[in-house]
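Here's the letter readout for the chains.
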Amino acid sequence: MPRYKAVVAYDGSEFFGFQVQTKNGVERQRTVQGELNRAVNQMAKLPTPAIKVVGASRTDTGVHAFGQVVHFDLPFDIQPEGVRKGLNTLLPRDIMIKQVEKVADDFHARFNTHAKRYIYRVSTQDFTDPFKRRYTGHFHWRLDVARIQAALPDLLGEHDFASFAASGNQTATTVRTITRADVEVKSDEQEIVFTFEGNAFLYNQIRIMVGVLLEIGNGRRDVHDIVRLIAVKDREQARFTAPASGLYLDEIYYDAPVVDK
């Protein structure tokens, strides 16, 4: 069975996250993985449980993606472009397959991941824009972006990010490495946009980091309070978690080319 890798974009507003959640074998809520499973099995003319689509990242309820990566096996050989077009005709309008390629049989969308990039959009308008409410976080208090820029380097490198992990985190270790932490001001759109890259991220880590950075920008925290938070390893001291609506899985990186030769 040939294996395919696909890059997927989706609007997470109407999904209860990426991963299928079942109770007594029945899906409990609408998920991105559930919709992908149905489309892939419909293409293969198989009952839905037959082929399972495997995702690189288990995005949460309301989180969006420009570059989620999945893999799946088909019972017949189809050209990647045919797979892309076929799946896009079967999927709902809030999911799109951007790219498909055939990969080696041992490629795994999740376990072969080298690094991930996320962005977080914050609307700084005084009131919530109804056309942005599903696609940005909202922070209407005063922000000194220079303070945020001074704080961002404190996140870089390998650290124990226990203070930035939500209570549902189930990973064996809370040590992660962040290689990029930037902020960009988009004055015309009344937004600031954070970009983070790292080898992996903990449950709600980026949303908690953004919450801390916004409080630094507002003067509620010392500019270098991140150093203290890393040292204390206490989630309660990080407090604010930015809403899911502003978070986007932007790109996933792999160690080596995955194209099957």
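About the criteria used
- Residues numbered from 1 in each chain as written.
- Predicted model: local features only at pLDDT ≥ 70, side-chain atom pairs only at ≥ 80, totals over all residues.
- Heavy atoms only, no water.
- UniProt positions renumbered as here; feature names shortened; annotations may be inferred.
- Helix = DSSP H or I, 4+ residues; strand = E, 2+ residues; numbered from the N terminus.
- Phe/Tyr/Trp six-rings, centres within 6.5 Å; stacked < 30°, edge-to-face > 60°.
- Buried < 20%, exposed > 50% of the residue type's maximum accessible area, 1.4 Å probe, protein only.
- Lys NZ or Arg CZ within 6 Å of the ring centre and 35° of its normal.
- Core = buried A, V, L, I, M, F, W, Y, C linked by side-chain atoms within 4.5 Å.
- Expected span 1.5 Å × (residues − 1).
- Contact = heavy atoms within 4.5 Å.
- Polar contact = N/O pair within 3.5 Å; in protein donor to acceptor, adjacent residues only side chain to side chain.
- Salt bridge = Lys/Arg side-chain N within 4 Å of Asp/Glu carboxyl O.
- Axes fitted to C-alpha atoms, helices over the stretch in contact; angles between N-to-C directions.
- Parallel < 35°, antiparallel > 145°, perpendicular 65-115°, else oblique.
- Left-handed = near helix turned anticlockwise from the far one by under 90°.
- Nonpolar A, V, L, I, M, F, W, Y, C, P; charged D, E, K, R; others polar.

Trainee: Where do I start with the UniProt feature "domain: Pseudouridine synthase I TruA alpha/beta" (unreviewed entry) in the protein chain in this structure?
Mentor: Under the UniProt annotation, "domain: Pseudouridine synthase I TruA alpha/beta" (unreviewed entry) lies at residues 6–112 and 154–255. End-to-end, the C-alpha atoms of residues 6–112 are 14 Å apart, and along that stretch the chain is 21% helix and 28% strand. End C-alpha atoms of residues 154–255 are separated by 26 Å, and the span's content is 21% helix alongside 31% strand.

Trainee: Help me understand the packing of aromatic side chains, please; the structure alone is not making it clear to me.
Mentor: Any pair of aromatic rings gets described here by the distance separating the centres and the angle formed by the planes. Within the structure shown, the criterion is met by 8 aromatic pairs. Ring centres of Phe 194 and Phe 196 lie 6.0 Å apart, and the angle between their planes is 10°; this geometry places the pair in the stacked category. Taking relative accessible area as the criterion, Phe 194 reaches 0% and is therefore assigned buried. Above the ring of Trp 141, the side-chain terminus of Arg 220 is found at 4.9 Å from the ring centroid.

Trainee: Help me understand the nonpolar core, please; the structure alone is not making it clear to me.
Mentor: Within soluble globular proteins, side chains that are nonpolar tend to cluster in buried spots. Residues Phe 72, Leu 155, Phe 194 and Phe 196 are the most contacted members of the largest nonpolar core, which totals 70 residues. Counting residues per element, this core draws most heavily on helix H4 (residues 205–217), which supplies 8 residues.

Trainee: Even after reading the chapter, I still don't get helix H1 (residues 32–43), so can you show me in this structure?
Mentor: Side chains that are three or four residues apart share a direction in an α-helix, a result of its 3.6 residues per turn. For H1, built from 12 residues, the straight-helix expectation of 16 Å at 1.5 Å per residue is met to within 8% by its first-to-last C-alpha distance of 17 Å. Of all 12 residues making up H1, 10 are buried, and the element is well covered by its neighbours. The complete set of buried residues in H1 reads Val 32, Gln 33, Gly 34, Glu 35, Leu 36, Asn 37, Ala 39, Val 40, Asn 41 and Met 43. Those residues of H1 that are buried are in contact with strand S1 (3–10), strand S3 (26–27), strand S5 (64–73), helix H2 (80–90) and strand S6 (95–103). The opening residue of H1 is Thr 31, an N-cap whose side-chain oxygen sits 3.0 Å from the backbone nitrogen of Gly 34. Where H1 ends, the next residue or the one after it, Lys 45, has phi of about 60°, a positive value.

Trainee: Whenever I open this one, the pattern of salt bridges confuses me. Can you help?
Mentor: Note on pairing: side chains with opposite charge can pair once their charged atoms come close. Applying the stated rule across the entire model yields 20 salt bridges. Among the ionic pairs, Arg 239 bridges to Glu 215, the shortest N-O distance being 3.2 Å. With Arg 239 in the loop between helix H5 (225–232) and strand S12 (247–254) and Glu 215 in helix H4, this residue pair connects regions lying 24 residues apart in the sequence. Among the ionic pairs, Arg 228 bridges to Asp 225, the shortest N-O distance being 2.6 Å. Of this pair, Arg 228 and Asp 225 both sit in helix H5, 3 residues apart, roughly one helical turn. Each of Arg 117, Arg 180, Asp 182, Glu 197, Asp 250 and Glu 251 takes part in a single network of salt bridges with overlapping partners.

Trainee: Would you explain the UniProt feature "binding site: substrate" (unreviewed entry) in the protein chain in this entry?
Mentor: Sites flagged by UniProt as "binding site: substrate" (unreviewed entry) map to Tyr 118. Mapped onto the elements, Tyr 118 comes out in strand S7 (residues 113–123). In this structure Tyr 118 comes out as buried when scored by relative accessible area, which is 8%. A distance of 2.9 Å separates the side chain of Tyr 118 from the side chain of Ser 57, its partner in a polar contact.

Trainee: Just checking my understanding: could you explain the packing of H1 against H2 for this structure?
Mentor: Between two packed helices, the angle of one axis relative to the other and the distance separating the axes together describe the packing. Interhelical geometry of H1 versus H2 gives an angle of 120° and a closest axis separation of 9 Å. With respect to H2, the axis of H1 lies oblique. The crossing of H1 and H2 is right-handed. Mapping the contact onto sequence places Ala 39, Val 40, Gln 42 and Met 43 in H1 and Gly 82, Val 83, Gly 86, Leu 87 and Leu 90 in H2. Class assignment of the residues belonging to the contact of H1 with H2 gives a composition of 6 nonpolar, 3 polar and no charged.

Trainee: When you look at the environment of Ser 123 in this model, what are you seeing that I'm missing?
Mentor: If you trace the backbone, Ser 123 turns up in strand S7. For Ser 123 and Pro 243, which are 120 residues apart along the polypeptide, the C-alpha to C-alpha distance reads 12 Å.

Trainee: Before we go on, may I ask you to explain the side chain of Gln 68 in this structure?
Mentor: Within the secondary structure, Gln 68 sits in strand S5. Residue classification places Gln 68 among the buried positions, given a relative accessible area of 0%. There is a polar contact of 3.3 Å between the side chain of Gln 68 and the side chain of Tyr 10. A polar contact is formed between the side chain of Gln 68 and the backbone nitrogen of Ala 56, at a distance of 3.5 Å. Setting aside residues no more than four positions away along its own chain, Gln 68 makes contact with Ala 6, Val 7, Val 8, Tyr 10, Phe 18, Gly 55, Ala 56, Ser 57, Thr 59, Leu 249 and Ile 252.

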